Amino acid sequence: MKIAITYNLKRKNVGKNRPHDFCSEFDSLKTVNYIASALKEKGHKVVLLEANEKLLNYLPKHRGKIDFVFNISEGIGGASRESRVPAILDFLKIPYTGSGVFPLALTLDKAYTKKILEAEKILTPKYQLFTSGQERLKPDLKFPLIAKPNAEGSAKGIHCSSVVKDRKNLYRIVKKIIKQYNQPVIVEEFIEGRELTVGVVGNGKLNVLPVLEIDFSSCGRSGEYFYSWRMKEFQGDVKKHLTPTFHCPAKLSSSLRKKIKNLALKTHKVTGCLDISRTDFRLDKYNRPYVLEINPLPGLDPEESNFPLMAKAAGIKYVDLVGMILKAAVERSNKRDKKGGIG
């Protein structure tokens, strides 16, 4: 098959009037090339398509020459930006890997995702959405609280100072985020405990990968103690003491491990994710797993991203992981076409 990889590329110059972490979600050319090499190793022809305005001209002219799209595009700006490339591909009837328009729009919005989780009785931290910074804090929310931009990924806008223990600092941080990111802020109870993540790949019979624990105990001198933006952006930097330890499989009882995997599977399903997702958890002091959020476009850098690390722990080589994602999407697309579906 001829496969196009759609992506957004990290750049150092983010432009004026944009937060310093604007490009944090985007992929490096190294990651794109890793995926391209894996697809070529599987026997496919590959073309690289950066998901910018030029895509609107390229795809209509070449759609008959592209068999499938391997989509890792995060989109540029806007609350539903991750849905933009899938929307274009659906319109042009070009099949692609990963979730469709609705799941991508839903899961990027943390507050709406929590509404789904709550409706499905999936434990998630209590929260409140702030749109102006003038709202009265709900009396049932207990400090410490953490404030985050409501529609960002890769820990954008999340710093150690985002965890607050009093109202004054909370409102200061909320107003700062609204000003910087021009969007609502979600404030939720900060779960002090172990941080875990679980990957899901496939369709029909889903493959739940081993639970990964990110242990920040070795990062004390950095002042960071959870997956903040600085931790994600400079992970592995010895001089900055940003060197978390990864345990995969995480050291959990068999019953707790099973519960967390089932929650990841359920979260994947109820949010409508397809082919691939990664669900992030925190365990409280009673070992109760809280779902923080789900990412339907997890990073695929084989050297730095959590998803390939979990796959490796499951005995899945990187080239085979990329092949699994594509295979799941192709099989799903073929079933839909036989049923007379569109898109």
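Because the structure is predicted, anything quoted here is derived from the model rather than measured. (Residues numbered from 1 in each chain as written. Predicted model: local features only at pLDDT ≥ 70, side-chain atom pairs only at ≥ 80, totals over all residues. Heavy atoms only, no water.)

Student: Which parts of the structure should I look at to understand the nonpolar core?
Tutor: Most often, soluble globular proteins keep nonpolar side chains buried together rather than apart. If you look at the biggest cluster of nonpolar residues, it comprises 29 residues, and the most contacted ones within it are Ile5, Ile35, Leu39, Phe70, Ile72, Leu300 and Phe307. The set of elements that each furnish at least two residues to this core consists of strand 1 (2-7), helix 1 (29-41), strand 3 (68-71), helix 9 (306-313) and helix 10 (318-338). A per-element tally of this core places helix 10 first, with eight residues. Ignoring any residue separated from it by four or fewer positions in sequence, one finds Ile35 in contact with Ile5, Phe70, Ile72, Leu300, Tyr318 and Val322. Ile122, Val198, Leu252 and Ile260 belong to the second-largest nonpolar core, a separate cluster that totals 17 residues. (Core = buried A, V, L, I, M, F, W, Y, C linked by side-chain atoms within 4.5 Å. Buried < 20%, exposed > 50% of the residue type's maximum accessible area, 1.4 Å probe, protein only. Helix = DSSP H or I, 4+ residues; strand = E, 2+ residues; numbered from the N terminus. Contact = heavy atoms within 4.5 Å.)

Student: Help me out: how do you make sense of the packing of aromatic side chains in this one?
Tutor: Considering all chains together, one arrives at eight aromatic pairs under this definition. An angle of 70° between the planes, with centres 6.2 Å apart, marks the rings of Tyr34 and Tyr318 as edge-to-face. Of this pair, Tyr34 sits in helix 1 while Tyr318 sits in helix 10, and the two are 284 residues apart along the sequence. Among the residues examined, Tyr34 registers a relative accessible area of 29% and is labelled partly exposed. The exposure class of Tyr318 is buried, given its relative accessible area of 17%. (Phe/Tyr/Trp six-rings, centres within 6.5 Å; stacked < 30°, edge-to-face > 60°.)

Student: How do you make sense of the pattern of salt bridges when you look at a structure like this?
Tutor: Here the idea is simple: oppositely charged side chains can pair when their charged atoms come close. Using the criterion set out here, one finds 18 salt bridges in the structure. When the shortest N-O distance is used, the salt bridge between Asp301 and Lys30 registers 3.3 Å. Placement of the pair is Asp301 in the loop between strand 13 (289-295) and helix 9 and Lys30 in helix 1, with a sequence separation of 271 residues. Taking relative accessible area as the criterion, Lys30 reaches 32% and is therefore assigned partly exposed. The salt bridge partner of Lys110 is Glu293, with a shortest N-O separation of 3.9 Å. Of this pair, Lys110 sits in helix 5 (residues 110-119) while Glu293 sits in strand 13, and the two are 183 residues apart along the sequence. When its relative accessible area of 8% is taken as the criterion, Lys110 is described as buried. (Salt bridge = Lys/Arg side-chain N within 4 Å of Asp/Glu carboxyl O.)

Student: Got a minute to help me understand helix 5 in this structure?
Tutor: An α-helix turns once per 3.6 residues; consequently, residues spaced three or four apart project the same way. Where helix 5 is concerned, the buried positions are Lys110, Ala111, Thr113, Lys114 and Leu117. Axial view of helix 5: buried residues confined to an arc of 155°, hence all on one face. Along helix 5, exposed side chains directed more than 90 degrees from the buried face belong to Tyr112 and Ala119. The elements touched by buried residues of helix 5 are helix 4 (101-108), strand 4 (127-130), strand 5 (145-149), strand 7 (185-189), helix 8 (254-270) and strand 13. One side-chain oxygen of the residue at the start of helix 5 lies 3.2 Å from the amide nitrogen of Ala111, identifying that residue as Asp109. Within two residues after helix 5, Lys121 carries a phi angle of roughly 60°, on the positive side. (Arc of directions from axis to C-beta. Polar contact = N/O pair within 3.5 Å; in protein donor to acceptor, adjacent residues only side chain to side chain.)

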